[in-house]
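# Understanding the architecture of this molecule
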Amino acid sequence: MNAQESTKPQELRVGVFVCHCGLNIAGTVDVHAVSEYAKTLPDVVFVKENRYTCADPGQEEIRKAIQTQNLNRIVVAACSPRMHEATFRRTVAEAGLNSFLYEMANIREFASWCHQNDPAAATERAKDAVRMAVAKVRLMQPLQTIEVPVTNKALVVGGGIAGINAALDLAEQGYKVYMLENSQSIGGHMAALDKTFPTLDCSICIEGPKMVDCARHPNITIFANSELVKCDGYVGNFKVKIRKNPRYVIAEKCTGCGECKDACPIEYPNEWDLNLGTRKAISVPFDQTVPLVYSINKDYCIECFKCIDVCGARDAIDFDQQPEEVEIDVGAIVVSTGFDIYLPYDMPLLGYGKYPNVVTSMEFERLILAAGPTGGKVIRQSDGQKPRRIAFIQCVGSRDKEHYPYCSNYCCMYTLKHVVQLKEKYKENIEVYVFYMDIRSPSKGYEEFYDRARERSVNFIRGRVSRIDEDPATHNLTVHSEDSLLGQPIEIEADMVVLATASIPKKGSEEVARILNLSRDADGFFMEAHPKLKPLDAPTDGIFFAGACAGLKDIPYSVSQGSGAASRAATVISKPKWKIEPIISIVDEEKCKRCGICVSKCPYGAIRQEKGQPATVITASCHGCGTCVAECPSHAITQMHFTDAQILAQIKAALQDKPEEKILAFLCNWCSYAGADLAGTSRCDYPASVRAIRVMCSGRVSREFILEALRLGAGAVLVGACHLPYDCHYINGNYKMKDRTDALKATLTKLGLSPERFRVEYVSAAEGIHYAEVIKEIDGQRRALGKEKIQTENVKLKPFLENMLKHK
Amino acid sequence: MPFKSEKRDSSEALVLEWKMQVKHYVLMLDKQRCVGCQICTVACPKAAITANKQPKIVGQAAKKPRIDIDQAKCNFCGVCDVFCPYGAVKVTVNGSHELSVISKESYPQLTRDITVDTRKCDKECTACEAACPLKLIKISKVGFDGKPVQDVFKLSPTGKRRVQVTVDIAKEYCPTCRACEYKCGPGAVTIKKAYEGKIKIKKQKCPEGCHDCADVCPITGTLTIGSDGKVHLNDQTCSFCGACANVCPEPQALTLERTKVLHSQVHSGAWNKTLERITSPDYAAKEFTAQAAQIRRKIVDKRFIVEEMKKNERTRID
Ligand SMILES: Cc1cc2nc3c(=O)[nH]c(=O)nc-3n(C[C@H](O)[C@H](O)[C@H](O)COP(=O)(O)OP(=O)(O)OC[C@H]3O[C@@H](n4cnc5c(N)ncnc54)[C@H](O)[C@@H]3O)c2cc1C
Ligand code: SF4
Ligand code: SF4
């Protein structure tokens, strides 16, 4: 972009504004000396001191100077850019200058505040900061904020309770919503539940109307029995391909009368009913199915065509139906694909699948449901009798390092629901035991619900169940556990055992992640852009999460997330245009060797490289981390505003004098730079030998930067990054940096570099003290090595470094 | 309990099961009754059944093929059960043998048209019982006092006259070979064959000394080895099951073509296809034409009734 302007020879006129910040800066740093020094720097034509540059008069000075002095590059030497970069960008723009032609020198957090005991050194550091800023600003180019048009429609993937709420909220706001559901009905797990805790209202009675609302809403189109095939594009402009799988029944013609079902002779296990009962070869999974369209399962159908006969003039059955692909354009996507349930076949000691009277909680849910396969009778599979003693076992697979280490969130609560239901239905005629590790009931009304269970004389036994035995004659079960409160082993005889098994990532999540370019956490759930501040956002702009797919949640939480995701999606699709910061990467087609390395390194999948073609960056998907730039072996990629030339100029400026006494630190904007800011704000004193360069992500730190710094003789080099594994603002730029620096460090050490002279350190935005400590430590090591040793090493290393830099 | 699909194979039986919390499907193939005719393999609408030829051991009788059922394909519809001439396959749902392919008229019932008029029975005779090659007939006789009678010939003529004869035929296993009918002197038994057809034996191709077909034929006396060392057919007792054709080592030496299946009337696509496979497209076509004629007849009848009604109505209005 705008590269053409750089070709125009233009006289550089740099203005430097040095801020006193009251006494915050001026109290330690000799600001006059800094301004005097600034005047000596190349292309600097105007220098001005302000008491408070960020205040109105200060900003006015800048605006005035730009106009009267004809300035075309601005440096503000003041506080941290994390504080006021945006402020001065506006100021600069108001004066008619491109807002990207300005740079900040941080002389408060990075000088006056952290070197209060050494004003001379603080002043030296401030001068260097200005020198580095001027060096960079001289190479800066005007950039334009990028705008892309937005399609004002949304797609919701997964029609559980979370997705239903997202769709309804968006539709009510007037947006067109497509709802993609891969099973035959929307509704998700909630549609299969009997009652819901803690109020014990009938699940389908409260969800059913919402499902129907979705089907009836003029703004919602449901694609059920369909799957996601492909997604191209970027925020505001997604192109999604959906495959509608054949039902062999024409949706528009099917009236949902069900006469075909009655005529059909064939039954097969109903997966929706957890295969406890059957459904017909032509049927709906459950009565309240939405959309109410019948489907034929050809795996079981014997093609007797009885259904065609009874369907008659309605003519809704079409045995030749083929899969159909449709393409839709949407501006935002809500992913709400929910979860699956773990079936503990691999825990043989519990006997699931072996003993007929051991069931999972979800199966129990279908047994106690009046519309379920047993008509609401809780009966044993072995003899069809009502059990008199039921044992519930918690955390089966959950909180278990061997299986799923996390807590499944709602199992305690649904087990309490089950025991209350049983006790209220069968009163004294049933004995109930609950084996638990902890009962977790943290939400509104939940602890009271736990009390309700306790009041109904349910036996709660704290302990992990070690095994279940079965009497082969009666099929009665014995539960062996430890009672950890009594510290004794305990054995309970039961007629039925219910296992509260873990909820697990939905089957097919991997595929969804691949298509939509999402990441999954260590447990396999989708990963949010930020666990606290962006819990509904996917790292990919324009994609949002709702419900259990991004970590398990109960119904009230899933519903709120549905509404939350709808509102997040609306922030995109409510705009006619989407603005993108121009700090993005661009590929030089000439230099690109078509290796495709960048494609695999970009955390956002923002780079495409077709066979034999140069790589291209999808502007709207690029988040501007710069990882690709550092990874490109052909130096074909440039990150705007953080170009190699600009950063190399900063390095050179930083190491101009006495390089062996300096620590050159590359700090990522979001964590380590913020941590260093905090060290200043907290007035942590640390050695003033450090010179810092801000990059957006540690992933941007190229090998060349480190090599160049050492070639120029730096005493030590530090790369500061966000903590592994999840803190990186750009998903995993820190890992890319780690791989790169691990290899480099090994090489450098072999070549004779003292290992303490090159360090990678993970510093969070909260770790100001840690940052100060790290600098102290490195400075101590630098001193211990001594200037002579460093210089000797440098002389020895130089030819190798030059060679390595030449190669590139 | 989670859904379980099980399969067990022993020398007596092949058993497939679907076990669900509330439904229990069982398919049992009785290997004693199975003759390896393979009608089930062609009848099955899901092509789930296969027959594996058993190697012939020199000096031993030929062995019938082993029937195997693919657990993944079988949906317990019970069509194999319906068409097995020997009743070797039984499909039950929760213990009941009522098949919904029959009750929903997706498939016809195979008709075993067997009648015994015991009034015609000679009170001393047990010929049919002896004649049944599958031992499916049980004759019982009771005297005037309702007590079972052992030696009828010892009774007085009056006593004899008052003896009541019951002939119990285990119909569901009966291949309607008619062996009993031929042996019945007074003509008390009448049987229509459930399957009809033609078996052709090409004498010149039939290898001398081979009697594989006769080894597997369950109906004694139907296939015999003549003095020429070649096999001879008595098609009167043949049930046209085709077990012979399946073991014949010589291609084209013994061929079977089924021409007719005796069954109740249904209108069903699946049955049409099955019929085509059990008989042949030509013979199936014949049946379809007959069916179509019947349907046309019904339509005409209906129209006729409608017109009559209209006429009546008009006369009433007039
Ligand atoms: C036994 C049991 C009892 C429970 N009882 C309660 C209770 O009483 N109260 C309570 O608050 N919570 C209860 N819960 C929790 C409740 O089920 C969840 O909170 C809720 O279902 C989460 O909703 P969801 O929409 O996120 O996911 P889901 O209900 O799982 O819905 C996800 C939907 O997305 C669809 N989908 C998945 N993948 C794709 C794809 N690739 N493409 C298209 N569609 C896809 C699925 O088919 C499904 O329709 C219980 C859970 C269990 C296991
Ligand atoms: S054709 Fe298939 S779906 Fe239709 S009635 Fe027959 S078995 Fe059922
Ligand atoms: S790696 Fe970073 S800078 Fe490069 S294209 Fe991807 S998001 Fe943009």
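Residues numbered from 1 in each chain as written. Chains lettered and ligands numbered in written order. Predicted model: local features only at pLDDT ≥ 70, side-chain atom pairs only at ≥ 80, totals over all residues. Heavy atoms only, no water.

## Remarks on the site of ligand 2
Quick note on the threshold: Any residue with at least one heavy atom within 4 Å of a molecule or strand is counted as near it. Charged residues are taken to be Asp, Glu, Lys and Arg, nonpolar residues to be Ala, Val, Leu, Ile, Met, Phe, Trp, Tyr, Cys and Pro, and polar residues to be all remaining types, Gly included.
Surveying the vicinity of ligand 2 reveals 13 residues, the closest of which are A:C264, A:C301, A:C304, A:F305 and A:C307. Taken together, the residues that form the shell around ligand 2 break down as eleven nonpolar, no polar and two charged.

## What about the environment of A:R783?
All names here are of chain A. The test is simple: Helix and strand assignments come from DSSP, with helices taken as H or I runs of at least 4 residues and strands as E runs of at least 2, each series counted from the N terminus. Residue exposure (1.4 Å probe, protein chains only): buried if accessible area is under 20% of the type maximum, exposed if over 50%, otherwise partly exposed.
Here R783 shows up in helix α23 (residues 768-807). Judged by relative accessible area, R783 falls into the exposed class, the value being 58%. Separated by 659 residues in the primary sequence, R783 and E124 place their C-alpha atoms 19 Å from one another.

## Side note on the site of ligand 1
All names here are of chain A. Just so we agree on the cut-off: Polar contacts, as counted here, are pairs of nitrogen or oxygen atoms within 3.5 Å of one another; within protein the pair requires one atom able to donate a hydrogen and one able to accept it, and residues that are adjacent in sequence qualify only if both atoms are side-chain atoms.
Not every one of the 37 residues close to ligand 1 is listed here, only the nearest: E181, H189, K417, K553 and I555. Measuring from an oxygen atom of ligand 1, one finds a backbone N or O atom of F197 at 2.9 Å. A548 is positioned with one of its backbone polar atoms (N or O) 2.8 Å from an oxygen atom of ligand 1. Breaking the shell around ligand 1 down by element, the ones donating at least two residues are α8 (161-172), β8 (195-196), β19 (339-341), α12 (361-368), α13 (411-426) and α16 (555-573). Looking at side-chain class alone, the shell around ligand 1 contains 16 nonpolar, 14 polar and seven charged residues.

## As for a positive patch on the surface
All names here are of chain B. We apply this condition: Patch membership requires over 30% relative accessible area and the absence of a salt bridge. Like charges are linked within 9 Å, and nonpolar side chains (Val, Leu, Ile, Met, Phe, Trp, Tyr) within 5 Å. Accessible surface is estimated by sampling points in the Shrake-Rupley manner with a 1.4 Å probe; for residues, cover comes only from the protein chains shown. What counts as a salt bridge is simple: a side-chain nitrogen of Lys or Arg found within 4 Å of a carboxyl oxygen of Asp or Glu. A positive count includes Lys and Arg, and a negative count includes Asp and Glu. His and the chain ends are not counted in either. Think of each charge as sitting on NZ of Lys, CZ of Arg, CG of Asp or CD of Glu.
Taken together, the side chains of K198, K200, K202, K205 and K286 define a basic patch exposed on the protein surface. Mapped onto the fold, K286 is located in helix α10 (residues 281-317). Judged by relative accessible area, which is 56%, K286 ranks as exposed.

## Describing the sheet that holds strand β11 (residues 226-234) of chain A
All names here are of chain A. The cut-off we apply is this: Strands were regarded as paired on the criterion that DSSP finds at least two bridges between them. Whenever a helix is involved, its axis is fitted only over the stretch in contact; in every case the axis is a line through C-alpha atoms, and angles between N-to-C directions fall within 0 to 180 degrees.
The sheet built from three strands is open, its strands ordered β11-β12-β17 with antiparallel pairing. Strand pairing shows two members of the sheet lacking a second neighbour, β11 and β17 (324-330), which therefore form its edges. Here the strands of the sheet are splayed against their neighbours by 20° on average, with no regard to which way each runs. When strand β12 (residues 237-244) meets β17, the two strands line up antiparallel, connected through seven bridges. Along β17, the bridge assignment pairs R243 with E325.

## Focus: the sheet that holds strand β26 (residues 488-494) of chain A
Residue and element names in this part refer to chain A. Strand order in this open sheet of three strands is β24-β25-β26, and the pairing throughout is antiparallel. This sheet does not close on itself; its edge strands, each paired only once, are β24 (465-470) and β26. Strand-to-strand twist in this sheet, taken as the mean axis angle between neighbours without regard to direction, amounts to 20°. Where β24 and strand β25 (residues 477-483) come together, five bridges link them in antiparallel fashion. Looking across to β25, one finds that D469 is bridged to T478.

## Remarks on the nonpolar core
Generally speaking, soluble globular proteins have nonpolar side chains that are buried together. The following threshold applies: Put simply, a nonpolar core is a bunch of buried Ala, Val, Leu, Ile, Met, Phe, Trp, Tyr and Cys residues held in one set by side-chain atoms that sit within 4.5 Å of each other.
The biggest cluster of nonpolar side chains holds 99 residues, and the ones touching the most others in it are A:L170, A:I220, A:I651, A:F666, A:I706 and A:L748. Of the residues forming this core, the biggest block, seven residues, is contributed by α8(A).

## Considering the state of the cysteines
Our working definition: Cysteine sulfur atoms are paired as a disulfide whenever they fall within 2.5 Å.
Tallying each qualifying case throughout the model produces one disulfide over all chains. Covalently, A:C202 is tied to A:C205 through a disulfide, its sulfur atoms 2.1 Å apart. Taking the torsion about the sulfur-sulfur bond, which here is approximately 80°, the covalent link between A:C202 and A:C205 counts as right-handed. Residue B:C125 stays outside any disulfide, its sulfur separated by 6.2 Å from that of B:C128, the closest cysteine. Judged by its relative accessible area of 27%, B:C125 is partly exposed.

## A closer look at the interface of chain B and chain A
For clarity, the threshold we go by: Contacts are assigned to residue pairs with any non-hydrogen atoms lying within 4.5 Å of each other. Once two parts are joined, some of their accessible surface, as seen by a 1.4 Å probe, is lost; buried area is that loss totalled over both.
Chain B puts 25 residues into the contact, and the matching count from chain A is 37 residues. Summing both partners gives a buried area of about 2,400 Å² for chain B against chain A, and 54% of it is carried by carbon and sulfur. Per-residue buried area on chain B facing chain A is highest for B:M1, B:P2 and B:Q21; these three make up 26% of the total on that side. Taken together, chain B and chain A are joined by two salt bridges. The closest approach of N and O atoms between A:E303 and B:K273, which form a salt bridge, is 3.1 Å. Counting the contacts that link chain B with chain A gives 18 residue pairs in polar contact (both at pLDDT 80 or more). For the side of chain B that touches chain A, the secondary structure elements donating two or more residues are α3 (100-103) and α9 (269-278) of chain B. The element contributing the most residues to the side of chain B that touches chain A is α9(B), with three residues. Among the residues forming the side of chain B that touches chain A, the class breakdown is twelve nonpolar, seven polar and six charged.

## Focus on the domain arrangement of chain A
Residue and element names in this part refer to chain A. Keep this limit in mind: Domain ranges listed in this record stem from an automatic or a database domain assignment.
Each domain of chain A was delimited in the assignment, giving domain 1 (1-145), domain 2 (148-245 + 323-338 + 506-580), domain 3 (247-321), domain 4 (344-504), domain 5 (584-625) and domain 6 (642-808). Each partner contributes residues to the interface: domain 3 has five residues there, and domain 4 has five residues. Between domain 3 and domain 4, a total of about 500 Å² is buried, with carbon and sulfur atoms accounting for 73% of that surface. In terms of surface lost to domain 4, no three residues of domain 3 exceed D273, L274 and L276, which account for 82% of the buried area on that side. On the surface where domain 3 and domain 4 come into contact, there are one salt bridge. With a shortest N-O distance of 2.6 Å, R366 and D273 are connected by a salt bridge. Our enumeration of links across domain 3 and domain 4 arrives at one residue pair in polar contact (both at pLDDT 80 or more).

## A word on helix α15 (residues 509-516) of chain A
For the α-helix, the turn length of 3.6 residues means that residues three or four positions removed from each other point alike. Residue and element names in this part refer to chain A. The cut-off we apply is this: Each direction from the helix axis to a C-beta atom contributes to the arc, which is the arc of those directions.
Regarding α15, the residues found buried are S509, V512, A513, I515 and L516. Buried residues in α15, looked at end-on, bunch into an arc of 170°, giving them a common side. Set apart from the buried face of α15 by more than 90 degrees, the exposed residues are E510 and R514. Where the residues of α15 are buried, they touch β11, β18 (332-335), β28 (503-505) and β29 (543-545). Just beyond α15, the residue with positive phi is N517, at close to 60°.

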